[in-house]
Amino acid sequence: MNRKKSLFSQGLGLFGVSLFGVFFAAIIVFSLGLLWQGRTSQMVVQTAALLSFCMVVYHSAWAMGEEEVRLSRLEKRPVRSHRGVPVGLVAAVPYFASGLILILSKAGAIPDVAFLYKLFTPQHVFFINWVMPSGYAANASWGAVALVIGFHLCLPVTAWLGYLLGTKEILLLYRLVFRSPKR
């Protein structure tokens, strides 16, 4: 009996979970972000939105890593502790594909719909506003468009970290909140 999940199914599952992170980030951005107008306030809201997105992805990837350890013990095979990178990249494919909208807008192939891109990526909305202050991809530099699309690398990086720490059975929250006794 093969209990091992395919890379595609794990990535698809992580993408589904990341949509919950997008939802939580949208709640934060559209409730607090619209109330606070200053640059510092927007940085606080953006950080909270990004952390809420990353926490959801991290937790799911951590659970996948922990399951990897259990299955590797049962099947007597080595632990694939860096599998979080390809899983995160598979999960990020739809986000990077949405970046094609910005590229096509910048190239002038389609009407500029950067506002739609920002609407569907609330975990990065203020970062996008800082990089593309005009709000239009056509007015931004190619470097700014690449940077905005590069923001989606936070998903594979978070997935890798969560998966790696899950395989080591290290709970980051416990390490940050609770101090281990001195030995």
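In this report, the structure presented in the accompanying data block is examined. (Residues numbered from 1 in each chain as written. Predicted model: local features only at pLDDT ≥ 70, side-chain atom pairs only at ≥ 80, totals over all residues. Heavy atoms only, no water.)

### What about the overall build of the chain?
Each helix and strand counted, the chain has 8 helices and 0 strands in total. Counted from the first residue to the last, the chain has its helices and strands arranged as α-α-α-α-α-α-α-α. With the principal axes as the frame, the chain shows a C-alpha extent of 55 × 40 × 25 Å. In the chain, buried positions account for 43% of the 183 residues. Taking the contacts inside the chain whose residues are at least 6 apart along the sequence as the reference set, 78% of them involve residues at least 24 apart. Accessible area for the chain stands at about 10,600 Å²; split by element, carbon and sulfur atoms hold 71% of it. Computing the positive centroid from 17 side-chain charges and the negative centroid from 6, the chain places the two 6 Å apart. (Helix = DSSP H or I, 4+ residues; strand = E, 2+ residues; numbered from the N terminus. Buried < 20%, exposed > 50% of the residue type's maximum accessible area, 1.4 Å probe, protein only. Contact = heavy atoms within 4.5 Å. Areas by Shrake-Rupley, 256 points an atom, 1.4 Å probe, with all protein chains shown as cover. Lys, Arg positive; Asp, Glu negative; His and termini not counted. Charge placed at Lys NZ, Arg CZ, Asp CG, Glu CD.)

### Focus on the side chain of Lys118
Of note, Lys118 is situated in helix α4 (residues 114-120). Of the side chains with opposite charge, Asp112 lies nearest to the buried Lys118, which makes no salt bridge, at 8.9 Å. Setting aside anything within four residues of it in sequence, one finds Lys118 in contact with Val125, Ile128, Asn129 and Gly135. (Salt bridge = Lys/Arg side-chain N within 4 Å of Asp/Glu carboxyl O.)

### Description of the nonpolar core
Core analysis: the biggest nonpolar cluster contains 17 residues, and Leu14, Phe53, Val57, Tyr95 and Leu155 have the highest contact counts within it. The set of elements that each furnish at least two residues to this core consists of α1 (7-33), α2 (39-75), α3 (84-107) and α7 (154-167). For this core, the element with the highest residue contribution is α2, accounting for 6 residues. Counting residues in each nonpolar core, the second largest holds 12 residues, with Tyr117, Met132, Ala137 and Val148 among its members. (Core = buried A, V, L, I, M, F, W, Y, C linked by side-chain atoms within 4.5 Å.)

### Description of the pattern of salt bridges
Inspection of the entire model under this criterion finds 4 salt bridges. Arg73 serves as the salt-bridge partner of Glu169, at 3.7 Å between the closest nitrogen and oxygen. Here Glu169 is found in the loop between α7 and α8 (172-177), whereas its partner Arg73 is found in helix α2, with 96 residues between them in sequence. What makes Glu169 partly exposed here is its relative accessible area of 42%.

### Focus: the packing of α1 against α2
Two elements in contact, α1 and α2, have axes whose closest approach is 8 Å; the angle formed by their N-to-C orientations is 160 degrees. Taken together, α1 and α2 sit at an angle that is classed as roughly antiparallel. The two elements α1 and α2 cross, and the hand of that crossing is right-handed. Of the residues belonging to the contact of α1 with α2, the class tally is 17 nonpolar, 6 polar and no charged. (Axes fitted to C-alpha atoms, helices over the stretch in contact; angles between N-to-C directions. Parallel < 35°, antiparallel > 145°, perpendicular 65-115°, else oblique. Left-handed = near helix turned anticlockwise from the far one by under 90°. Nonpolar A, V, L, I, M, F, W, Y, C, P; charged D, E, K, R; others polar.)

### Here's the deal with the side chain of Ser81
Within the element layout of this structure, Ser81 appears in the loop between α2 and α3. We classify Ser81 as buried; its relative accessible area is 15%. Aside from chain neighbours lying at most four places away, what touches Ser81 is Tyr163, Leu164 and Thr167.

### Describing the packing of aromatic side chains
Per the counting criterion, the structure on display carries 5 aromatic pairs. On the basis of an interplanar angle of 85 degrees and a centroid distance of 6.4 Å, the ring pair of Phe53 and Tyr95 is categorised as edge-to-face. With a gap of 42 residues between them, Phe53 in helix α2 and Tyr95 in helix α3 connect regions that are remote in the sequence. Overall, the relative accessible area of 2% leaves Phe53 in the buried class. Where Phe127 meets Phe151, the ring centres are 5.6 Å apart and the plane angle is 45 degrees; that geometry is what we call tilted. Linking Phe127 in helix α5 (residues 125-131) with Phe151 in the loop between α6 (142-150) and α7, this pair joins segments that are 24 residues apart in sequence. (Phe/Tyr/Trp six-rings, centres within 6.5 Å; stacked < 30°, edge-to-face > 60°.)

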